[in-house]
Amino acid sequence: MAEATAVRTLAPLPIGAKGRNSVGWPGMLCLIATESALFAYLLFSYYYIAIQRGPAWLPEPHPSLALAGPNTIVLLASSVCVWWGEAGVKHGRRGQHLLGLGAAIVLGVAFLVVQGFEWKAKPFGLATSSYGSLFFTVTGFHMAHVIVGVCVLSTVFVWSVLGYFSPRHHARMTIASAYWHFVDVVWLAVFSTFYLSPYVMT
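Residues numbered from 1 in each chain as written. Predicted model: local features only at pLDDT ≥ 70, side-chain atom pairs only at ≥ 80, totals over all residues. Heavy atoms only, no water.

In this structure, Tyr-131, Leu-153 and Phe-194 are the most contacted members of the largest nonpolar core, which totals 45 residues. Counting only elements with at least two residues in this core, the list comes to helix H2 (24-53), helix H3 (68-90), helix H4 (94-121), helix H5 (130-161) and helix H6 (171-201). Per-element accounting of this core gives the leading share, 14 residues, to H6. For Tyr-131, the contacting residues outside a window of four places in its chain are Tyr-46, Trp-57, Leu-58, Pro-59, Phe-124 and Phe-194. (Core = buried A, V, L, I, M, F, W, Y, C linked by side-chain atoms within 4.5 Å. Buried < 20%, exposed > 50% of the residue type's maximum accessible area, 1.4 Å probe, protein only. Helix = DSSP H or I, 4+ residues; strand = E, 2+ residues; numbered from the N terminus. Contact = heavy atoms within 4.5 Å.)

And the structure:
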């Protein structure tokens, strides 16, 4: 009896809250709502000026999708990997969890690298015009969020390797996944605005 009591006493306590019971979950939702509003204001500025100035305001009537198109697929694929990795931890499949999370991190870094080449390929700069200022501000703001997301996923990956998560305790993974999916959805709005809408406006 004494030995059983000792074993129960020395057993490690669970790390983290169950599922979405963590206080970090509503905090992440508030962060997403705030950042969504900021992106909405920035994109509203683009459409407002575009309507006022007309097609002549656009330095590229038909922006090239050679880099931005595949890069969008890369980011969406990373979101699928995060979802797959989260499903792995929920069902106790550690290999799937680590593989999905690791692949998402690699794809996130790839997106940043390609976006850097996309910036260099642009025939205009930050101070060239109001369009240039908006383009680099919005895409740069999004890149900053991707960098933060990669750092968050990397931290979660390390915690996963250390065995911090289980099917019952994975709140940090769920919160990190929500942020990454948010970053991907925002990119769809940014991509549609700067790369697709000019084809409709001209």
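From this point on, the discussion continues.
With that settled, the discussion passes to the packing of aromatic side chains. This model, assessed by the stated rule, comprises 22 aromatic pairs. Ring geometry for Phe-111 and Trp-187: centres 5.2 Å apart, planes at 80°, overall edge-to-face. Here Phe-111, found in helix H4, pairs with Trp-187, found in helix H6; they are 76 residues apart in sequence, far enough to count as distant. Per residue, the accessibility class of Phe-111 equals that of Trp-187, and both read buried. Ring geometry for Phe-124 and Tyr-131: centres 5.4 Å apart, planes at 80°, overall edge-to-face. The class for Tyr-131 is buried, based on a relative accessible area of 1%. The positively charged end of Arg-172 is found above the aromatic ring belonging to Trp-159, 5.2 Å away from the centroid. (Phe/Tyr/Trp six-rings, centres within 6.5 Å; stacked < 30°, edge-to-face > 60°. Lys NZ or Arg CZ within 6 Å of the ring centre and 35° of its normal.)

Our focus in this paragraph is the side chain of Thr-72. Tracing the backbone through its elements, the reader meets Thr-72 in helix H3. Given the relative accessible area of 7%, Thr-72 is considered buried. In this structure the side chain of Thr-72 is engaged in a polar contact, spanning 2.8 Å, whose partner is the backbone oxygen of Ala-68. Among residues more than four places away in sequence, those in contact with Thr-72 are Trp-187, Leu-188 and Phe-191. (Polar contact = N/O pair within 3.5 Å; in protein donor to acceptor, adjacent residues only side chain to side chain.)

Time to look at the packing of H2 against H6. It is the contact of H2 with H6, at a shortest axis distance of 10 Å, that shows an interaxial angle of 10°. Here H6 runs roughly parallel to H2, going by the angle between their axes. Grouping the amino acids of the contact of H2 with H6 by side-chain chemistry returns 18 nonpolar, six polar and one charged. (Axes fitted to C-alpha atoms, helices over the stretch in contact; angles between N-to-C directions. Parallel < 35°, antiparallel > 145°, perpendicular 65-115°, else oblique. Nonpolar A, V, L, I, M, F, W, Y, C, P; charged D, E, K, R; others polar.)

Moving on, we come to the pattern of salt bridges. Counted according to the given criterion, the structure contains three salt bridges. For Glu-60, the salt bridge goes to Lys-122, with nearest N and O atoms at 3.0 Å. Of the two residues, Glu-60 sits in the loop between H2 and H3 while Lys-122 sits in the loop between H4 and H5, which places them 62 residues apart along the sequence. By relative accessible area, Lys-122 is classed as buried at 11%. Lys-122 is the salt-bridge partner of Glu-118, the closest N and O atoms lying 3.2 Å from each other. (Salt bridge = Lys/Arg side-chain N within 4 Å of Asp/Glu carboxyl O.)

Next up on the list: H5. The end-to-end C-alpha separation of H5 is 46 Å, in line with the 46 Å expected for 32 residues at 1.5 Å each. In the segment just after H5, Gly-163 is the residue with positive phi, at about 80°. (Expected span 1.5 Å × (residues − 1).)

This paragraph deals with H2. Across its 30 residues, H2 extends 43 Å between first and last C-alpha, which sits within 8% of the 44 Å expected from 1.5 Å per residue. Those residues of H2 that sit buried are Trp-25, Met-28, Ile-32, Glu-35, Phe-39, Leu-43, Tyr-46 and Ala-50. Residues of H2 that are buried sit in contact with H5 and H6. The first or second residue beyond H2 is Gly-54, which carries a positive phi of 85°.

This paragraph deals with the environment of Phe-117. Here Phe-117 lies in helix H4. Under the relative-accessibility criterion, Phe-117 is labelled exposed at 52%. When the C-alpha atoms of Phe-117 and Leu-67 are compared, they prove to be 8.1 Å apart, with 50 residues separating the residues in sequence.

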